[in-house]
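The primary structure of each chain is shown beneath.
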Amino acid sequence: MNSQHDAKIRFILNGQDVELSGFSPRLTVLDWLRLDRRLTGSKEGCAEGDCGACTILVGRLENGRVLYETVNSCIRFVGTLHGTHVVTIEHLKSTDGRLHPVQQAMVDLHGSQCGFCTPGIVMSLYALWLNEEKPSRERIEQALQGNLCRCTGYEPIVKAAEKASEIRPDPLAEPLCATNDSIAGRLAAIRASGSVLVRSEEGSFFIPSHVGDLASFMGEHPHATMVAGSTDVGLWVTKLGRRIDPVVYIGPVSELQGVSHEETGIRIGAAVSYSSAIGEITARFPAFGALIPRIGGEQVRNMGTIGGNVANGSPIGDTPPVLIALDADIVLRSHEAVRSVKAEDYFIEYGKQDRQRHEFVESIHIPYLSEEAVFSVYKISKRRDEDITAVLGAFYLELDKHHRVNAIRLAYGGMAGIPKRARTVENALLGQFWREDVVRSAADSLGSDFQPLTDWRATADYRLLAARNLLLRFYLESRGEQASLVRFAAGGRQ
Amino acid sequence: MNKMDVIFREEISAPLHSELKHDSAHKHVTGEADYIDDMPLPEGALHMAAGLSDRAHAHIVSIDLSEVEATEGVRLVLTARDIPGHNDIGPNHRDDEPLLAEKKIEFHGQMVFAVVADTREIARAAARKAKFEYEDLPHATDLTDARALGYPLVTDPLTLKRGDVDSALKAAPRTLKGQMRIGGQEHFYLESHIAVAIPGEDDEVTVWSSTQHPSEIQHMVANILDIPSHAVTVFTRRMGGGFGGKETQGNQFAALSALAAKRLKRAVKFRPDRDEDMSLTGKRHDFLVDYETGFDDEGRILAVKANFAARCGFSSDLSGPVTDRALFHADNAYYYPDVLLTSEPIKTNTVSNTAFRGFGGPQGVVGGERIIEEIAYAIGVDPLEIRKRNFYAIDGDERCLTPYHQKVEDNIIQRIVDELERSSDYQARREEIVRFNRASRIIRKGIALTPVKFGISFTFTPFNQAGALVHIYQDGSIHLNHGGTEMGQGLYTKVAQVLADEFQVDIDRVKITATTTGKVPNTSATAASSGSDLNGMAAYDAARQIKDRLFAFAAEKWGVPVSQVEFLPNRVRVGEHEIPFPHFVKQAYMARVHLSAAGFYKTPKIHWDRAKGQGRPFFYYAYGASVSEVSIDTLTGEYQIERTDILHDVGKSLNPAIDKGQVEGAFVQGTGWLTTEELWWDSKGRLRTHAPSTYKIPLASDRPRIFNVKLAEWSENREMTIGRSKAVGEPPFMLGISVLEALSMAVASVADYKVCPRLDAPATPERILMAVEKLRSR
């Protein structure tokens, strides 16, 4: 590492410029806000990105504008704030003491009881209010997926979101709208200044500015911890007390950003968040797109990346089975080479992936679906939203003109130490007529593909039975039958 | 003076029964409401962390704390030997709940030592460095294992008995018996436990604690430090949720921080992280209910015999009264002619289970409703019909007598259920659902209407007392303090309304102040839904005392009869004069009128003889009912709540907005208990669902797709409660049972409703699917 790196990070906090150096790479945004700045409106409820009491907004440059998104400050590292505008609950009330319309709606509709979750909920509703006009109840619920409230039962909070949406942001008076251009300019200036290396007694925090920088850093420090959304690594610190230095934060690396449409498929940069990718993914792979709102809460989706989901190789990651069923490629880069691995081959065994320590995931390539392809994704969890998968099935099917199985990929998560395909079942189906009796009998051999575990999410028996039944659901739905719950079937509320 | 009259409004800003907003709402939404972790600490404050066992049951052979002590920044390590007083924080003083384990570990994650360091991070990191040597013992985390190992009861069981149940069972035309498992529940208050102790002179110590029971914190700190209670002052301004989880469970954090603060002469904060909080603090009791019932061909209950076994954890804590309350509610709203109910509070190697909204009552009600369901499926009629046939009579006859020999005198369940049945269009929807299920292969629906009757009062009669302290200052502003604590339920708001209404002043004239043992002593926990009943009355009493003095003063000063003195909105009428409240108060001060009073209240009429199982433990009952409609996926067991309608009785509501919030929140929390909230221990006895990533409370998207909640506006408490209101905290929790029963009906559809599915709780997707499979394989 050489002296060309900046030794401090720069960002904006509630409109004020901040420069920080010498901080621990493990320092979370929440601890910094509460302990250092004494901004105690953001609360710690779980320190794992599940309850949302710590929710703040982070504004980042996107197409020349500042896009404000909710994040969990409890699992985000301070170093990752470089080049952003951090907005906390303390920034909402106007200088003359008037409550913000979102806050006023929460008060008017009795949306708080104990009040501990409330600042986080207000921030989630605030981001929704800023970014969406007249959100549907489904969108409001999605915006609140990452916020737990134990007192109200949520009804008044949802109504407050609706009431607040009756007032639209005044582009001249609403601070985050009125200042957008000037903040964007200030953030662009920070971004232009290149890479950052912050050293402290507790290790270093590196922010490369381009992919070559990252590759050479990883070449020199193969044991560095790579952080994108920190929705996993954050917990290594808050829950396990682990040392993670040196940390390399890949968020700002432009080559790892963006979703591009290529001739054979789409390419998703490793540092693209779920929220940024969902539009393009939904357009091309609707079943994959429909899964994304069931991964974490909105805060987690604003931080977390598909690249990270793949790189960490969790057996219960939601996207790997999908990528396997879609026959995606993982592109790995190092300072020496770039190579491509089939998603299916990337996961070797529990805790082991086909990735060298100095390599990193650069992008993921997903081939477009052929016209005859049927593709579905089903996730089962104890709670529908913001829960970790018990069983996930991602199924790809092509039939020939005689209705025989021409190609099939049945990938499961939660069924083994790695996400993997049900090869025995696939073989039993390949070349066969796509009929219920055939599917049922093939599905019975799922037990030879998987011997799942029992844990707090599900028993082995349930996992196997549900995995089998998901295949049946896939069959029925491929025939146009209703075989899963219709959300919002009631058509609105009274 | 009279000129000012014209500006007075005809009504004060927030009279009793009006929808005043929560007193802290504007601070909640701005982040300006301070919780204990937000308070600035005195200079040099230190932080505490817990050292936990990693065995469920073992003798401690040795503990090596040298690495903990050697960690840079560590100031003190406390073990059981450092406790000057008595190493017991159990509320019963049975010597069964050590603050720090000394010789024996009784559950996985039990606290053995505590570390004080310069920062929270250092303390936590150091706490992980202890080296334990154990001699393992066989452990029992669940009831079946505990019975197999012959584990004792943690406290005396209760028997409720009327008539001769065995003869009645023998004589009954039909009988059935069964068993039900009901899971526990983690409170998941959003603010985890916390205490800050600040040392004072001599033996004094001040403790800020997130507790529902400041007086008990005071006693426990005194007990641990071996000092008198007068040396300990406890403050609680607000909790970030309690739900019963902060009734006794805060003792350990308060006592240890106080002990360290006195030793180090510095302020000490103890805030466990979420995982430690969930491992270290008790939960709702899991129950195993064995029931037997006799009934006639119309489904009228003739006899009920049931045993309620509870997973109590390693100590008694509140397990005695919790299991008692399960029995008190095993009848729910139904008359049992001959009955025998027994409790079995079993010891287990788990954290000691504790109070949780409903306090055993919900488990009793779920057991009672299972019996109704069984009878309905056995006879082949809608469970609602069986419910109606078994409701307590409205008045007079012997069909009003509970298993504990209290007469139900205020029964309104028939009216509640009838109104709800009509307003929710129950019958037509049920028919439609049966039709739908006949035609639908994979998706099935269910609907259920379940009632609630809940007894209000602490069953330990002495707890039914409360105090309040009211001052009026010379400028006419009013200082309000009472023994109740604020955990989000709006108690402070309601009691302030009582006071404002009594003095006829605008609400902003009343300042609500933090609950503290120094102002109102010997308080009971804010629990058993009793907060506003007790503290509202105590504040009312204080106000009456001051008013009586003011009446006498005015009558004398202006020479009018007392009947000519009247508190009008923001003014006092004395004969022909109307005097603004502040001026009136100032004159009273000048005339040396005592403008401060300590109010007191004790609930009348109640008495309870536990040994006999007879008495009147409850002052009155609160009622309610809910109808829920659900859909299930019979391939995966996934489900959703399509619609819920609720009609709930809070008497004449002190604040309908706050009460409706309690009803909605309680319903969703009750639904969570019965659906997705599952506690899971591994084979080593370790709780593996110890954070929100693994323990799933309801989200916004889990609430019913259509949610209609109404208060029974016509209801008034027959008893002389404050404003004729009724308690609201706990009763609506049991409205969630309609969801469990609706799920059960949807499952039953796969066997054409001929078999009771016997769905255990929580009804996770897995339990739904397995119940479907069981019925299909018959």
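That block above? That's the structure.
As the structure is a computational prediction, the values presented were derived from the model and not from experiment.

A tally of helices and strands in chain A yields 19 helices and 20 strands. Compactness check: chain A gives a C-alpha radius of gyration of 23 Å against a globular reference of 23 Å for 494 residues, within 12% of the reference. Judged by the C-alpha coordinates and their principal axes, chain A covers about 70 × 60 × 40 Å. A buried classification covers 61% of the 494 residues belonging to chain A. Residue pairs in contact within chain A that sit at least 24 positions apart in sequence constitute 66% of those at least 6 positions apart. Summing over all exposed atoms, chain A offers an accessible surface of approximately 17800 Å²; the carbon and sulfur share of this is 48%. The average position of the 54 basic charges and that of the 60 acidic charges among the side chains of chain A differ by 3 Å.

What follows is about helix H17 (residues 656-674) of chain B. Count 3.6 residues to each turn of an α-helix, and residues three or four apart come out pointing the same way. With 19 residues, H17(B) should reach 27 Å at 1.5 Å per residue; the first-to-last C-alpha distance of 27 Å fits that figure. Across the 19 residues that make up H17(B), a large majority, 17, are buried.

Right, let's get into the sheet that holds strand E4 (residues 104-105) of chain B. All names here are of chain B. With antiparallel pairing, three strands are arranged side by side in an open sheet as E4-E2-E6. Looking at the sheet topology across the chains shown, the edges are occupied by E4 and strand E6 (131-136). Where strand E2 (residues 58-64) lies against E6, six bridges are found, and the strand directions are antiparallel. When the sheet's bridge partners are listed, Asp64 is paired in E6 with Lys131.

For the rest of this paragraph, the subject is unusual backbone geometry. For the bond running from A:Asp245 to A:Pro246, omega is -10 degrees, close enough to zero to count as cis. Inspection of the secondary structure assignment puts A:Pro246 in the loop between helix H9 (233-238) and strand E9 (247-249). A cis amide bond links B:Ala761 with the next residue in sequence, B:Pro762, at an omega value of 0 degrees. Turning to its location among the elements, B:Pro762 is positioned in the loop between helix H18 (737-748) and helix H19 (765-776). In this model, A:Tyr154 sits at a positive phi of 75 degrees, which is unusual for a non-glycine residue. You will see that B:Phe188, though not glycine, has its phi angle at about 45 degrees, which is positive. Of note, B:Phe188 is situated in the loop between strand E8 (174-182) and strand E9 (195-199). A relative accessible area of 0% means that B:Phe188 is categorised as buried.

Let's shift gears to the interface of chain B and chain A. Opposite the 89 residues of chain B that make contact, chain A presents 89 residues. Across the chain B/chain A interface, buried area totals approximately 7300 Å², and carbon plus sulfur atoms make up 53% of it. One salt bridge in this structure joins A:Arg473 and B:Asp633, with 2.6 Å as the shortest N-O distance. Applying the counting rule to chain B against chain A returns 44 residue pairs in polar contact (both at pLDDT 80 or more). Among the elements that take part in the side of chain B that touches chain A, H17(B) stands out by supplying seven residues, more than any other.

The rules behind each value
- Note that residues are indexed from 1 along each chain, following the sequence as it is written.
- Chain labels run from A onward and ligand labels from 1 onward, assigned in the order the entries are written.
- Reporting of local features is limited, given that this is a predicted model, to residues whose pLDDT is at least 70; pairs of side-chain atoms are given and counted only at 80 or more, and all residues count toward the totals for whole chains, interfaces and linings.
- Side-chain figures throughout are based on the complete set of non-hydrogen atoms in the structure, without hydrogens or water.
- Each helix is a run of H or I in the DSSP string that is no shorter than four residues. Each strand is a run of E no shorter than two, and both are numbered from the N terminus.
- Within these notes, the globule rule equals 2.2 Å times the number of residues to the 0.38 power, and the radius of gyration is based on C-alpha atoms.
- Here's how the labels work: a residue is buried when its accessible area is under 20% of the maximum for its type, exposed when over 50%, partly exposed in between, all with a 1.4 Å probe on protein chains only.
- Any two residues whose heavy atoms approach within 4.5 Å at even a single point are treated as in contact.
- Surface accessibility follows the Shrake-Rupley procedure with a 1.4 Å probe radius. Residue values consider only the protein chains on display as shielding.
- Counted charges follow a simple rule, with Lys and Arg positive, Asp and Glu negative, and His plus the chain ends left uncounted.
- Just so you know, the charge point we use is NZ for Lys, CZ for Arg, CG for Asp and CD for Glu.
- Residue count minus one, scaled by 1.5 Å, sets the expected span of a helix.
- Paired strands, as defined in this entry, are two strands with at least two bridges between them according to DSSP.
- Accessible area that two parts lose when put together, with a 1.4 Å probe and added across both, is what the buried area reports.
- Salt bridges are counted wherever a side-chain nitrogen of Lys or Arg sits within 4 Å of a carboxyl oxygen of Asp or Glu.
- Distance and chemistry together define a polar contact, namely a pair of N or O atoms within 3.5 Å, with one atom able to donate a hydrogen and the other to accept it when in protein, and with adjacent residues in sequence counting only for side-chain atoms on both sides.

Don't take any of this as a statement about function, it's just geometry.
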